[in-house]
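So the chains spell out like this:
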Amino acid sequence: MRLTAYLYAALWATDIARAFGGFAFLRRHGAPAPAAAATDVVAPPEPHAAAEPLVACRDDAAPREDPHLESLRRSIDNFDAAIVHLLAERFKVTKAVGEYKAKAGLVASDPEREARQVARLRRLADEAGLDPEFSEKFLRFIVHEVINHHKQIKKKVFSEKAARSHDEDGRPAIERSHGDAL
């Protein structure tokens, strides 16, 4: 099950990378090139002789290059870059939601939707072999940040409305337009 989840994750990351213009896009934004195609299954390292440790650095020696470890780290770097770019896209959409809610006078949070999302992500995490507790904490952190952004947007929209409804002297617009005639 975990190997299947890993393969789906690798394919997903490849699709994300292609959507953003390939791994070249990720490299331009700080992630190194993958060592192998994302669809290749990386074979486990060959067993080392008993005297040679499996770590990249021995206590009594300078760090040595470990191609397999570096390959795995490059894959992690690519996943991290994809996650950052996906979060940026997600926050663009949630910003639009926040602007809509502010203009429509809706509250920043929707506890019922949040509960549905938590349950959905816990199910997805379980199916993917990821700890559901971790996925819930991750989602709750994101939702907390989104709600904070929505509150900031609401304050901005409210102050813009207030600024439009008052003149530079602080008089309400209705008084400004009719006050001199009264």
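In what follows, the structure referred to is the one given above.
The present account deals with the structure reproduced in this document. In this convention, every chain numbers its residues from 1, walking through the sequence in written order. Restriction of local features to residues with pLDDT of at least 70 applies here, the model being predicted, together with a cutoff of 80 or more for giving and counting side-chain atom pairs; totals for whole chains, interfaces and linings are based on all residues. Hydrogens and waters are ignored; side-chain quantities use all the structure's heavy atoms.

1. Describing the overall build of the protein chain
Only DSSP runs of H or I covering at least 4 residues are called helices, and only runs of E covering at least 2 are called strands; the numbering of each starts at the N terminus. The helix and strand inventory of the protein chain stands at six helices and zero strands. Reading the protein chain from its N end, one meets helices and strands in the order α-α-α-α-α-α. Only protein chains enter the accessibility calculation, which uses a 1.4 Å probe; a residue is then buried when its area is under 20% of its type maximum, exposed when over 50%, and partly exposed in between. Counting the 182 residues in the protein chain, one finds 21% classified as buried. The contact criterion used is simple: two residues touch if any of their non-hydrogen atoms lie within 4.5 Å. Look at the contacts in the protein chain between residues 6 or more apart in sequence, and 60% of them connect residues 24 or more apart. Accessible surface is estimated by sampling points in the Shrake-Rupley manner with a 1.4 Å probe; for residues, cover comes only from the protein chains shown. Accessible surface, the protein chain as shown: approximately 13200 Å² in total, 60% of it carbon and sulfur.

2. A look at the side chain of Ser 135
Along the polypeptide, Ser 135 turns up in helix H5 (residues 132-165). Look at Ser 135 and you get buried, because its relative accessible area is 9%. What Ser 135 contacts, discounting residues up to four positions off in sequence, is Leu 121, Arg 122, Ala 125 and Leu 130.

3. Things to note about the nonpolar core
In this text, buried Ala, Val, Leu, Ile, Met, Phe, Trp, Tyr and Cys residues form a nonpolar core when linked through side-chain atoms within 4.5 Å. In terms of nonpolar packing, the biggest core is built from five residues, these being Ala 108, Val 118, Leu 139, Val 143 and Ile 147. If one sorts the elements of this core by residue count, H5 sits on top with three residues.

4. Describing the packing of helix H3 (residues 67-104) against H5
Lines fitted to C-alpha atoms define the axes, with helix axes restricted to the stretch in contact, and inter-axis angles between N-to-C directions lie between 0 and 180 degrees. Between H3 and H5, whose axes approach to 8 Å, the crossing angle comes to 45°. Between H3 and H5, the angle is such that the two are oblique. Viewed along their axes, H3 and H5 form a crossing whose handedness is right-handed. Counted together, Leu 87, Arg 90, Phe 91, Thr 94, Lys 95, Val 97, Gly 98, Glu 99, Lys 101, Ala 102 and Lys 103 of H3 and Phe 138, Leu 139, Ile 142, Glu 145, Val 146, His 149, His 150, Ile 153, Lys 154, Val 157 and Lys 161 of H5 form the full contact between these two elements. Throughout, the ten residues Ala, Val, Leu, Ile, Met, Phe, Trp, Tyr, Cys and Pro are labelled nonpolar, Asp, Glu, Lys and Arg are labelled charged, and all others, Gly among them, are labelled polar. Classifying every residue of the contact of H3 with H5 by side-chain character gives ten nonpolar, four polar and eight charged. An angle below 35 degrees is read as roughly parallel, one above 145 as roughly antiparallel, one from 65 to 115 as roughly perpendicular, and any other as oblique. Definitions for this section: a left-handed crossing has its near helix turned counterclockwise from the far helix by less than a right angle. A right-handed crossing has that turn clockwise.

5. Brief notes about the pattern of salt bridges
Within this document, salt bridges are pairs made up of a side-chain nitrogen of Lys or Arg and a carboxyl oxygen of Asp or Glu, the two lying within 4 Å of each other. Tallied over the entire structure, the rule returns five salt bridges. Notably, a salt bridge pairs Glu 70 with Arg 73, separated by 3.6 Å at the nearest N-O pair. Here Glu 70 pairs with Arg 73, and both are found in helix H3, just three residues apart, close to one helical turn. Its salt-bridge partner being Arg 122, residue Glu 133 comes within 3.2 Å of it at the nearest N-O pair. Of this pair, Glu 133 sits in helix H5 while Arg 122 sits in helix H4 (residues 111-128); the two residues are eleven residues apart in sequence, bridging distant segments of the chain. Overall, Arg 122 belongs to the partly exposed group, its relative accessible area being 26%. What you see here is one network of salt bridges that share partners, running through Arg 122, Glu 133, Glu 136 and Arg 140.

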